[in-house]
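Topology and contacts: notes
As a plain string of letters, each chain reads:
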Amino acid sequence: MPVPMLDLRAQYRRIKAEIDGAVAEVFESQGFIGGPKVEGLETAIAQFLGAKHAIGVASGTDALLLLLKAKGIGAGDEVITTAFSFFATAGAIANVGATPVFVDIEPDTFNIDVTQIESRITKRTRAVIPVHLFGQCADMAPIMDLAATHGLFVIEDAAQALGAQYKGRPAATLGHAAAISFYPTKNLGGAGDGGMVVCRDEALAERVRLLREHGADSTYHHALVGANSRLDALQAAVLLVKLPHLDSWNDQRRANAAYYAERFARMPGVVAPIERAENRHVYHQYVIRLPKRDAARELFSRQNVGCAVFYPSPLPLQPCFQQLGYTEADFPHAVQASREVLALPIYPELTRAQQDEVIAAVTQHIQALP
Ligand SMILES: *Cc1c(COP(=O)(O)O)cnc(C)c1O
């Protein structure tokens, strides 16, 4: 039996009638930009998080970008972030003209090592972007303390962590602002690109609202130079159907993770992911470490069992950041992770029988090691 890395059709089949109905409603209205679905989703996400403002934008990447722009961060400024994430985190910083300053990770959570942040702060540092990687929150309390001491703005990259918690509080409400993604493979995924900015500050929310529509504060009157970065009504309609299921989907991911964890605990050579006591991990990805990872990947492929590598290279070592002058020696933990990590299927609809196949493939790899 083949096991896919992710099976979005399994999710769609269970809510097809509702999704199709919501999409048909938008078509009947022919209102594709803005309108009740977009406003409804903004309200629903704000309520879900207990957040003040939630502003729909075109993608998670744009949520990061518009927040940086709204704060006036650009050329000459530095923004501290993690060496190990999806490219968008660093790309957004570079795209506003600022310089990304990278920090190595904690080897057990894969999140930014907060003990290394302070030494990277300079007179030019304006912001910190911690990423809640794979669905587990970064250690936000010491980050917020540092931010208060040094006057820095903290943007959570919560693209992988909707529904996660840290010390009982929801991801995306822990920093000064946050970026969420509705990319189809995320825990709450749309039928295309989409994202949201979450924040408490009214003036900041207003700037983001302007920036997503060419900076216009009234029709054809442009207070700021913004972008075209709206969340469209079709995405909002789909996401409004899915949001009420998110908690149970996340619980199912956690149950799947617990099943893996129990098996892998008895398997020397496999390092299973940990969940810190202060966290509720939502397992956007279930990422293990293995010796001879690339051989495991080939074995999985031969057996038709899905897996993926997040991420094969630390961000500071990407060709586009060569001029920043980083070397592998600057990020020993991110480099080691990039060689050892393997993400296994964890999606909510995954069956125990499918998980057993994944576990059998891991077992076979471990047994074949010298
Ligand atoms: C997916 C993702 C983004 C970007 O979101 P898009 O909606 O794809 O633009 C940013 N950061 C992280 C960590 C992500 O996983």
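Above this note sits the structure.
Residues numbered from 1 in each chain as written. Predicted model: local features only at pLDDT ≥ 70, side-chain atom pairs only at ≥ 80, totals over all residues. Heavy atoms only, no water.

**Quick notes on the overall build of the protein**
Per the secondary structure count, the protein includes 11 helices and 14 strands. Computed over the C-alpha atoms, the radius of gyration of the protein is 21 Å, within 12% of the 21 Å expected from 2.2 N^0.38 for a compact globule of 370 residues. Taken along its principal axes, the extent of the C-alpha atoms in the protein is 70 × 55 × 35 Å. A separation of at least 24 residues holds for 72% of the contacts in the protein among residues at least 6 apart in sequence. (Helix = DSSP H or I, 4+ residues; strand = E, 2+ residues; numbered from the N terminus. Rg over C-alpha atoms; globule rule 2.2 N^0.38 Å. Contact = heavy atoms within 4.5 Å.)

**With respect to the site of the ligand**
Gly-60, Thr-61, Asp-157, Ser-181 and Lys-186 are the nearest of the 15 residues found near the ligand. The separation between an oxygen atom of the ligand and a polar side-chain atom of Gln-160 is 2.8 Å. Protein coverage of the free-state accessible area of the ligand, which is 380 Å², stands at 93%. Mapped by element, the contributors of at least two residues to the shell around the ligand are helix H3 (60-70) and helix H4 (87-95). Here the shell around the ligand is composed, by residue class, of five nonpolar, eight polar and two charged. (Near = heavy atom within 4 Å. Polar contact = N/O pair within 3.5 Å; in protein donor to acceptor, adjacent residues only side chain to side chain. Areas by Shrake-Rupley, 256 points an atom, 1.4 Å probe, with all protein chains shown as cover. Nonpolar A, V, L, I, M, F, W, Y, C, P; charged D, E, K, R; others polar.)

**A few points about the sheet that holds strand S12 (residues 279-280)**
Read across the sheet, three strands follow the order S7-S6-S12 without closing on themselves; strand pairing throughout is antiparallel. Where the open sheet ends on each side, the last strands, each with one partner, are strand S7 (169-170) and S12. Bridge analysis of strand S6 (residues 165-166) against S7 gives two bridges, and the strand direction is antiparallel. Note that in S7 the partner of Gln-165 across the bridge is Pro-170. (Pairing = 2+ DSSP bridges.)

**Section: the pattern of salt bridges**
Side chains that differ in charge, positive against negative, can pair when their charged atoms come close. Overall, the coordinates contain 15 salt bridges when judged by the stated rule. The partner of Asp-108 in a salt bridge is Arg-276, with the nearest N and O atoms 3.2 Å apart. In this pair, Asp-108 is assigned in the loop between strand S3 (99-103) and strand S4 (125-129) and Arg-276 in the loop between helix H8 (246-264) and S12, connecting sequence segments 168 residues apart. According to the relative accessible area criterion, Arg-276 is partly exposed, its value standing at 23%. For Arg-266, the salt bridge is made with Glu-262, and the minimal N-O distance between the two is 3.5 Å. With a relative accessible area of 60%, Arg-266 lands in the exposed category. (Salt bridge = Lys/Arg side-chain N within 4 Å of Asp/Glu carboxyl O. Buried < 20%, exposed > 50% of the residue type's maximum accessible area, 1.4 Å probe, protein only.)

**As for the pairing of S3**
For a regular strand, the rule is simple: side chains alternate between the two faces of the sheet. Burial of S3 is extensive: four of the five residues sit out of reach of the surface. In the sheet, strand S2 (residues 78-82) pairs with S3 via five bridges, with the strands oriented parallel. From the neighbouring strand, Thr-81 faces S3, where its bridge partner is Phe-102. Crossover handedness for the path S2 to H4 to S3: right-handed. (Right-handed = clockwise from strand over helix to strand, strands pointing away.)

**Some words on the sheet that holds strand S8 (residues 177-181)**
An order of S1-S9-S8-S5-S4-S2-S3 is seen for the seven strands of this open sheet, with the pairing classed as mixed. Edge positions in the open sheet fall to strand S1 (53-57) and S3, since each of these has one partner strand only. Looking at each pair of strands side by side, their axes are set apart by 25° on average, direction ignored. Inspection of the sheet shows strand S5 (residues 153-157) paired to S8 by three bridges, in the parallel sense. (Axes fitted to C-alpha atoms, helices over the stretch in contact; angles between N-to-C directions.)

**What to know about the packing of aromatic side chains**
Enumeration according to the criterion identifies 14 aromatic pairs in this entry. Judged by centre distance (5.8 Å) and plane angle (20°), the ring pair of Phe-87 and Phe-321 falls under stacked. Placement of the pair is Phe-87 in helix H4 and Phe-321 in the loop between helix H9 (293-302) and helix H10 (332-340), with a sequence separation of 234 residues. Phe-87 sits in the partly exposed class, given a relative accessible area of 35%. Its relative accessible area of 4% is what places Phe-321 among the buried residues. An aromatic cluster of at least three residues, connected via ring pairs, comprises Phe-84, Phe-110, Phe-134, Phe-310 and Tyr-311. The ring of Tyr-259 carries Arg-352 above its face, with NZ or CZ at 4.5 Å from the centroid. (Phe/Tyr/Trp six-rings, centres within 6.5 Å; stacked < 30°, edge-to-face > 60°. Lys NZ or Arg CZ within 6 Å of the ring centre and 35° of its normal.)

**Concerning the pairing of S5**
The buried fraction of S5 amounts to five of the five residues, a majority that puts the element mostly inside the structure. In S5, alternate side chains face the same way, and those of Phe-153, Ile-155 and Asp-157 on one face and Val-154 and Glu-156 on the other are all buried. For S4 and S5, the ladder comprises two bridges, and the chain directions are parallel. Looking across to S5, one finds that Val-128 is bridged to Val-154. For the crossover that starts at S4, traverses helix H5 (residues 140-150) and ends in the parallel S5, the hand is right-handed.

**Here's the deal with the nonpolar core**
Considering soluble globular proteins, one finds that nonpolar side chains tend to be buried as a cluster. Counting 45 residues, the largest nonpolar core has Phe-84, Phe-264, Phe-300, Leu-344 and Val-362 as the members making the most contacts within it. The greatest single-element share of this core, amounting to five residues, is contributed by helix H11 (residues 352-368). Domain assignment of the residues forming this core places at least three in each of domain 1 (8-244) and domain 2 (245-368). Once residues within four sequence positions are removed from consideration, Phe-84 is found in contact with Ile-105, Phe-110, Leu-133, Phe-134, Phe-310, Tyr-311, Ala-334, Ala-337, Ser-338 and Val-341. Membership of the second largest hydrophobic core comes to 31 residues, among which are Ala-158, Ala-172, Ala-178 and Leu-231. (Core = buried A, V, L, I, M, F, W, Y, C linked by side-chain atoms within 4.5 Å. Domains from an automatic or database assignment.)

**Observations concerning unusual backbone geometry**
A cis amide bond, omega 5°, links Phe-310 with the succeeding residue Tyr-311. Within the secondary structure layout, Tyr-311 lies in the loop between H9 and H10. The backbone of Gln-30 shows a phi angle near 55°, a positive value even though the residue is not glycine. Here Gln-30 is to be found in the loop between helix H1 (8-29) and helix H2 (36-49). The exposure class of Gln-30 is exposed, given its relative accessible area of 51%. Positive phi outside glycine occurs at Ala-172, with the angle close to 85°.

Any functional reading would require information beyond the geometric quantities listed.
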